[in-house]
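A closer look at the structure
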Amino acid sequence: MTGTALVLGGGGLTGIGWEIGIIAGLAEAGIDLTDAEIVIGTSAGSIVGAHLTAERLTPAEMYERQLAAPESRASGRLGPAAMARFAAIALSSRDTVSFGARMGRLALAARTVPEAAQRAAIARTLASSDWPARRLVITAVDAATGERTAFDDTSGVTLTDAVGASCAVPGVFPPVTIGGRRWIDGGVHSSANADLAAGYGRVVVVAPMAVSGGPIASPTAQGDALARAGARVCVVNPDREARAAFGRNVLDPAKRADAARAGRRQAAAHVAEIRRVWSA
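This structure is a prediction, so every number in the text was calculated from the model and none was measured.

On to the overall build of the protein, then. Helix and strand counts for the protein stand at eleven helices and eight strands. A compact globule built from 280 residues should have a C-alpha radius of gyration of about 19 Å, and the protein, at 17 Å, falls within 12% of that. Dimensions of the protein, computed from the C-alpha atoms along their principal axes, are close to 45 × 45 × 35 Å. Looking at the protein as a whole, 55% of its 280 residues are labelled buried.

Here it is as structure tokens:
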């Protein structure tokens, strides 16, 4: 096994802030995760991954942007009640595909902002509308079948649509239409989708949501499977202070800066372990 993979999980706006804080904190300690051979992004992680691979900003610059005052109020809510509802559906689903299809029906029936408006919001978020030269993989789930896909620059899908699909939280944001099919959040299949890093020798998973339930594997369980296959793996989940910084709505932009600071602080606790994994 050779090569390095950086896996960035889902977790809303606070997840974006926390992931960037982790990456910036590690960079300050001399660990550059931005040189990963492949970046796998899910939901919030797809946005962070798109920024990292665009190479327009350094981790420090990305971090400083997270500390800026938010330009708008929360455009949606993803709090404990919604997460409990999703968990209940997962626990009564026989596998990830059936869970995905049930979440797809929920998403298709929900009243949300128009799809065009959400697409425009995603486009404003991205540093570039072009796929990067470096390998970036973005996950999404087919709302009709419940099956996961992994978009990349060979998929014939724009980066904006791939990220929009990966961020289409069921019941909060509209499914994204690509090629006549509707797509929802890649986090429906798994909050991190770290299994897509199979075959890489060194893997770091940064996962704001350590959730699992029913057929849904946690990032830690997926990391353990990669390690059993021979990879060196480190999975980073939020500590107690970081979870408190997220608040009760991970889509609240007012909590983004606190989450970023929590990630930067927490990074110090993982420097030694990640250095052992990431060093050739």
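Under the definition given, this model contains two aromatic pairs. Ring plane angle 80 degrees and centroid distance 6.4 Å describe the contact between Trp18 and Phe246, whose orientation is recorded as edge-to-face. Of this pair, Trp18 sits in helix α1 (residues 12-28) while Phe246 sits in helix α9 (residues 240-246), and the two are 228 residues apart along the sequence. Judged on exposure class, the residue Trp18 and its partner Phe246 are both buried. Relative to Trp183, the ring of Phe151 has its centre 5.3 Å away and its plane inclined at 70 degrees; by these criteria the two rings are edge-to-face. In this pair, Phe151 sits in strand β4 (residues 148-151) while Trp183 sits in strand β6 (residues 181-185), placing the two residues 32 residues apart along the sequence.

If you look at the biggest cluster of nonpolar residues, it comprises 51 residues, and the most contacted ones within it are Leu6, Leu33, Phe151 and Ile274. No other element matches α1, which puts seven residues into this core. With residues up to four places along the chain from it excluded, the contact list for Leu6 reads Leu33, Ala36, Ile38, Val39, Ile40, Leu52, Val204, Val206 and Trp278. Among the nonpolar cores identified, the runner-up in size contains 19 residues, and Ala90, Ala107, Val172 and Met209 belong to it.

So, on to unusual backbone geometry. Residues other than glycine seldom take positive phi values, yet Ser43 does so here, at roughly 55 degrees. Looking at where Ser43 falls in the secondary structure, it is placed in the loop between β2 (38-41) and α2 (44-54). For Ser43, a relative accessible area of 7% corresponds to the buried category. Phi is positive for Glu55, close to 60 degrees, though the residue is something other than glycine. Tracing the chain through its elements places Glu55 in the loop between α2 and α3 (59-67).

On to the packing of helix α4 (residues 80-91) against helix α5 (residues 96-109). With their axes 9 Å apart at the nearest point, α4 and α5 run at an angle of 140 degrees to one another. In this view, α4 runs oblique relative to α5, as classed from their interaxial angle. Crossing geometry of α4 relative to α5 is assigned as right-handed. From α4, Arg85, Phe86, Ile89 and Ala90 reach across to α5, where they touch Phe99, Arg102, Met103 and Leu106. For the contact of α4 with α5, the class distribution of residues is six nonpolar, no polar and two charged.

All right, on to helix α10 (residues 256-267) then. Over its twelve residues, α10 extends 17 Å from the first C-alpha to the last, a length consistent with the 16 Å expected when each residue adds 1.5 Å. Restricting attention to buried positions, one finds in α10 the residues Arg256, Ala257, Ala259, Ala260, Ala262, Gly263, Gln266 and Ala267. Where the residues of α10 are buried, they touch α1, α3, β8 (232-236), α9 and α11 (271-278).

Here we take up α5. Over its 14 residues, α5 runs 20 Å from end to end, which matches the ideal 20 Å to within 8%, given 1.5 Å per residue. Looking at α5, one finds that the buried residues are Thr96, Ser98, Phe99, Gly100, Ala101, Met103, Gly104, Leu106 and Ala107. Packed against the buried residues of α5 are α4, β3 (135-142) and β6. The N-terminus of α5 is capped by Asp95, whose side-chain oxygen sits 3.3 Å from the backbone nitrogen of Val97.

Rules used throughout
- Residues numbered from 1 in each chain as written.
- Predicted model: local features only at pLDDT ≥ 70, side-chain atom pairs only at ≥ 80, totals over all residues.
- Heavy atoms only, no water.
- Helix = DSSP H or I, 4+ residues; strand = E, 2+ residues; numbered from the N terminus.
- Rg over C-alpha atoms; globule rule 2.2 N^0.38 Å.
- Buried < 20%, exposed > 50% of the residue type's maximum accessible area, 1.4 Å probe, protein only.
- Phe/Tyr/Trp six-rings, centres within 6.5 Å; stacked < 30°, edge-to-face > 60°.
- Core = buried A, V, L, I, M, F, W, Y, C linked by side-chain atoms within 4.5 Å.
- Contact = heavy atoms within 4.5 Å.
- Axes fitted to C-alpha atoms, helices over the stretch in contact; angles between N-to-C directions.
- Parallel < 35°, antiparallel > 145°, perpendicular 65-115°, else oblique.
- Left-handed = near helix turned anticlockwise from the far one by under 90°.
- Nonpolar A, V, L, I, M, F, W, Y, C, P; charged D, E, K, R; others polar.
- Expected span 1.5 Å × (residues − 1).
- Polar contact = N/O pair within 3.5 Å; in protein donor to acceptor, adjacent residues only side chain to side chain.

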